[in-house]
Amino acid sequence: VSVTEAPKHDSNAPVDARRRSRKPESGSSARLPRGPFRPEFWRSPLRGPWLTSFLGMLLIPAITVIALTGFVDHWAHYPELGGNGTVGPSGDIPVVFHFPASWPSWSYAVTQGTHVTLGLVVLPLVLAKLWSVMPKLFQRPAVTSVAGALERISLLGLVASVLVEFATGILAMDDWTPWSFNFNTVHYYGAWMFGTLFVLHACIKLPVVRRAYRERGVLKPLTQSVAQTKPEPPDDGGLAPINPAAPTISRRGLLAMLGGASLTVFAVQAGESIGGPFRRLALLAPRGRVFGTGPNDFPVTHTAAWAGVTSAMTGADWRLTVVGARTVSLSRQQLLAMVQSARTLTITCTDGWSTTQRWTGVQLAALARLVDAPEGAILRAVSLQPRQAPEAFSRSLYGDTRSLLALRVNDVDISLDHGYPARVILPNVPGTLNTKWVSELRFEAV
Amino acid sequence: MRRGLRLGFRRRYGASPLHLLVHLVGFAIVAFALDRIFSGGDVKELLLWYLGFVIAHDLLFVPAYTGLDRLFRATITRLLPSARSDVPVINHVRAPALISALLLIIYFPLILRRNEGWYVELSGHPLTHYLRNWLLITAVLFLGSGLIYAGRVVRARARRVADIRPEGVS
């Protein structure tokens, strides 16, 4: 077989005359600028309302779960207590959910692991969805009515916000923050923008989805092999090609490829959230590596060196000041002489990774009693870490019998990186709230 | 009368009044969100991020990967006549390439050590292994895809031989 005899799949594929004649305003095409502004430029035989609808309908549940778990993360920071490393309460919607004390201490690990992992796993679908609607960007005339103009503006906002939302989330997970803006503010209110425009877009396009499913079947296009793959007929929305190339992949092939990409991302990422033996499988996750089997050899988000805490600050002179109705100063020996509780608790970073360890220390509730903390007081935990605002905890949180001022982990003293001489550890809070290198606990009346 | 009003609205606006209503409600929430977003940093930097990402995605990233795909298809058709046989090779290259590229998009700061100093200080561990792991995963993906392709070629050939042979001969 000589090469020249080969049928050319792409450049000279015969154009179906019927398709061309069915194209609306076919005469005006010649007046359009060359390239992507002409509808015949877009040749993929897979593009069309069905494919876009199918990808969109996969994204709806995924984006919903990512958004809900994102709000759960926001509320798990207890923004109503002011700060706590997230956006302030002013102008925000009220907090509607906190993890109940009856829930297991790894509940936040599940929601935040889901938020981050699912966010990464749907990225191929998001990119494919954007690819499927590319012809729309270049449609001419761009705007034919006020309604069309509003839709265009909302789509610009939707695409901008989905890209920035995913980019900031992914880069923050990678521990690379090449920006000077406040991640929490931009990612949280960016989610408001993205979520709103996503819902708006889904509402506006629902009739298109229903029509595509009615005309083509919900799953029927997935039964076709490459040879059976036919382009969708040209549509009013301008997604289906009027000049389709011969198919090189079936629709199910494309979806299988996207699914394979999602599965691979899951495989190299999820281990850092699931932990245990699965951590070693997280070949590319930022906290997926195992560096030893010792009692303190589990990952940290922030080392003592990064935080500016030195062993000189945590030596024999270290005292814990506990402030309530009265003030008490305790050495580490005195703390160890108090009643010790052991709890298996999970630390989960907002980046999505988790680690579950056995912590031993004094219950925060016992320390509250020791200083006659006012009824319903808020606890503020002050760290030796320079320039670190104290984290705040509600009575329901530090009153939980699982909430500890931990002194030891896995039957040894906690290491400096894990918060020596003492750290706060609570169920179902973001890792940053588990204050390390604690120097002062203040029970403040509200 | 009412119907006439509605038709008049549709003619002038281009859609139903409900369309306008949901857009106005949506835009009000977005205006609030944008106000908060821009309170979180430098306006110029944030505009650069929001508009820059749209431009980078729509006018650079998509043309780049579709262009690469087209170039690759053209090359493969010219170089490998067998690519046009009953077992096309193209998707056996596309799939591992797509997955490998996606991993690079997600983990490039670690793989390419964009954030090395910061990461080392934060985590207390060096950024070794990420490039190696990514290359290994990429190699395994291409190898796996190649093996599946080889299997399909062998099966297709066996089928062709079976079709050619007269019945009764094994």
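Fair warning: this is a prediction, and the values are worked out from it, not measured in the lab.

## Considering the overall build of chain A
(1) Moving on: Broken down by element type, chain A carries 13 helices and 10 strands.
(2) Moving on: A globule of 446 residues ought to have a C-alpha radius of gyration of about 22 Å, yet chain A, at 28 Å, is considerably larger.
(3) Moving on: Each of the three principal axes of chain A carries a C-alpha extent, and together these read 90 × 55 × 35 Å.
(4) Moving on: Evaluated residue by residue, chain A yields a buried proportion of 53% over its 446 residues.
(5) Moving on: In the form shown here, chain A has an accessible surface area of approximately 18,900 Å², with 61% of it arising from carbon and sulfur atoms.
(6) Moving on: Distance from the positive charge centre (42 side chains) to the negative charge centre (29 side chains) of chain A: 9 Å.

## What to know about the interface of chain B and chain A
(1) Moving on: On the chain A side, the residues contacting the 71 residues of chain B number 77 residues.
(2) Moving on: Overall, the association of chain B and chain A removes approximately 6,500 Å² of surface from exposure, summing both partners, and the carbon and sulfur fraction of that is 73%.
(3) Moving on: At the boundary of chain B with chain A, the tally comes to zero salt bridges.
(4) Moving on: Our count for the contact surface shared by chain B and chain A stands at 21 residue pairs in polar contact (both at pLDDT 80 or more).
(5) Moving on: Those elements that place two or more of their residues in the side of chain B that touches chain A are α1 (2-13), α2 (17-38), α3 (43-79), α4 (90-111), α5 (116-123) and α6 (130-164) of chain B.
(6) Moving on: For the side of chain B that touches chain A, the leading source of residues is α3 of chain B, giving 17 residues.
(7) Moving on: The residue inventory of the side of chain B that touches chain A, partitioned by class, reads 42 nonpolar, 18 polar and 11 charged.

## Comments concerning the pattern of salt bridges
All names here are of chain B.
(1) Moving on: Counted under the stated rule, the structure contains 13 salt bridges over all chains.
(2) Moving on: Between D69 and R73 there is a salt bridge; the shortest N-O distance is 3.4 Å. Here D69 and its partner R73 are both found in helix α3, four residues apart, which amounts to about one turn of the helix.
(3) Moving on: Of the charged contacts, one joins R113 and E116 as a salt bridge, the two residues approaching to 3.4 Å between their closest N and O atoms.

## So, the packing of helix α2 (residues 49-76) of chain A against helix α4 (residues 123-132) of chain A
Packed helix pairs are characterised by how far apart their axes lie and by the angle those axes make with each other.
Residues and elements named next belong to chain A.
(1) Moving on: Contact pair α2 / α4: the axes reach a minimum separation of 9 Å and the direction vectors enclose 150°. With respect to each other, α2 and α4 are oriented roughly antiparallel. For the element pair α2 and α4, the recorded crossing hand is left-handed. Contacts between α2 and α4 involve L51, T52, L55, G56, L58 and L59 from the former and L125, V126, A128, K129, W131 and S132 from the latter.
(2) Moving on: In terms of residue class, the contact of α2 with α4 is made up of eight nonpolar, three polar and one charged.

## Details of empty space enclosed by the protein
(1) Moving on: Inspection of every chain in the model, using the stated rule, returns one cavity of 30 Å³ or more.
(2) Moving on: Taken as a whole, the largest cavity spans an internal volume of roughly 60 Å³.
(3) Moving on: What lines the largest cavity is E151, S154, L155, L197, L200, H201, I204 and K205 of chain A together with H23 of chain B.
(4) Moving on: For the lining of the largest cavity, the secondary-structure elements that each account for two or more residues are α6 (146-173) and α7 (183-216) of chain A.
(5) Moving on: The element best represented in the lining of the largest cavity is α7 of chain A, accounting for five residues.
(6) Moving on: When grouped by side-chain class, the residues that make up the lining of the largest cavity number four nonpolar, three polar and two charged.

## Notes on a nonpolar patch on the surface
(1) Moving on: Taken together, L137 and L156 of chain A together with V43, L47, L51, I55, L59 and L60 of chain B make up a surface patch of nonpolar side chains, about 690 Å² in accessible area.
(2) Moving on: Looking at the nonpolar patch element by element, the count peaks at six residues for α3 of chain B.
(3) Moving on: Structurally, I55 of chain B can be placed in helix α3.

## Brief notes about the pairing of strand β2 (residues 327-330) of chain A
As a general feature of sheets, a regular strand has side chains that alternate between the two faces.
Residue and element names in this part refer to chain A.
(1) Moving on: Taking every second residue as pointing to the same face, the buried face of β2 carries V328 and L330, while none of T327 and S329 on the other face is buried.
(2) Moving on: With four bridges connecting them, strand β1 (residues 320-323) and β2 associate as antiparallel partners. Among the inter-strand pairings, T321 is bridged to a residue of β2, identified as S329.

## Topic: unusual backbone geometry
Residues and elements named next belong to chain A.
(1) Moving on: The amide bond that connects R140 to the next residue, P141, takes the cis arrangement and shows omega of -5°.
(2) Moving on: Relative to the assigned elements, P141 resides in the loop between α5 (134-137) and α6.
(3) Moving on: Cis geometry is adopted by the peptide bond preceding P421, which originates at Y420 and carries an omega value of 10°.
(4) Moving on: Topologically, P421 is positioned in the loop between β8 (412-413) and β9 (423-425).
(5) Moving on: In this structure, Y78 is a non-glycine residue whose phi angle is positive, near 55°.
(6) Moving on: Looking at where Y78 falls in the secondary structure, it is placed in the loop between α2 and α3 (107-121).
(7) Moving on: For Y78, a relative accessible area of 6% translates into the label buried.
(8) Moving on: Even without a glycine there, the phi angle at D175 is positive, about 60°.
(9) Moving on: With respect to the helices, strands and loops of the structure, D175 is situated in the loop between α6 and α7.

Basis of the calculations
Along each chain, residues carry numbers from 1 onward, in the same order as the chain's sequence is written. All chains are assigned letters beginning with A, and all ligands numbers beginning with 1, in the order in which they are written. It should be noted that, the model being predicted, local features are given only for residues of pLDDT at least 70 and side-chain atom pairs only at 80 or more, the latter also being counted only at that level, while totals for whole chains, interfaces and linings use all residues. To get the side-chain values, take all heavy atoms of the structure and skip hydrogens and water. Secondary structure elements are defined from DSSP: runs of H or I of at least 4 residues count as helices, runs of E of at least 2 residues count as strands, and each element is numbered from the N terminus. Both definitions apply: the radius of gyration is a C-alpha atom measure, and the globule rule equals 2.2 Å times residues to the power 0.38. Think of it in three bands: with a 1.4 Å probe and only protein chains considered, a residue is buried below 20% of the maximum accessible area for its type, exposed above 50%, and partly exposed in between. Accessibility throughout is a Shrake-Rupley quantity obtained with a 1.4 Å probe, and a residue counts as covered only by protein chains that appear here. We count Lys and Arg on the positive side and Asp and Glu on the negative side, and we leave His and both chain ends out. Think of each charge as sitting on NZ of Lys, CZ of Arg, CG of Asp or CD of Glu. Contacts were defined at the residue level, with two residues in contact if any of their heavy atoms lie within 4.5 Å. Here's the idea: put two parts together, see how much 1.4 Å probe accessible area each one loses, and the total over both is what we call buried area. Salt bridge, as applied in this entry: a Lys or Arg side-chain nitrogen positioned within 4 Å of an Asp or Glu carboxyl oxygen. For this analysis, a polar contact is any N or O atom pair within 3.5 Å, provided that within protein one partner can donate a hydrogen and the other can accept it, and provided that sequence-adjacent residues contribute only side-chain to side-chain pairs. In this count, Pro and Cys sit with the nonpolar residues alongside Ala, Val, Leu, Ile, Met, Phe, Trp and Tyr, while Asp, Glu, Lys and Arg are called charged and the others, Gly among them, polar. To get an axis, a line is fitted to the C-alpha atoms, and for a helix only the part in contact is used. The angle between two axes follows their N-to-C directions and goes from 0 to 180 degrees. An angle below 35 degrees is treated as roughly parallel, one above 145 as roughly antiparallel, one from 65 to 115 as roughly perpendicular, and anything else as oblique. Left-handed is the label given to a crossing in which the near helix is rotated counterclockwise from the far helix by less than a right angle, and right-handed is the label when the rotation is clockwise. Put plainly, a pocket is an open set of points on a 1 Å grid over the protein atoms alone with protein on both sides within 12 Å along at least five of seven lines, a cavity is a set where a 1.4 Å probe fits but cannot get out, and a lining residue has an atom within 4 Å of a point. Grid points are joined across faces, edges and corners, and a volume is the space filled by probe spheres set on the points. A patch consists of residues whose relative accessible area exceeds 30% and which take part in no salt bridge; residues with like charges are grouped when within 9 Å of each other, and nonpolar side chains (Val, Leu, Ile, Met, Phe, Trp, Tyr) when within 5 Å. Strand pairing requires that DSSP identify at least two bridges connecting the strands.

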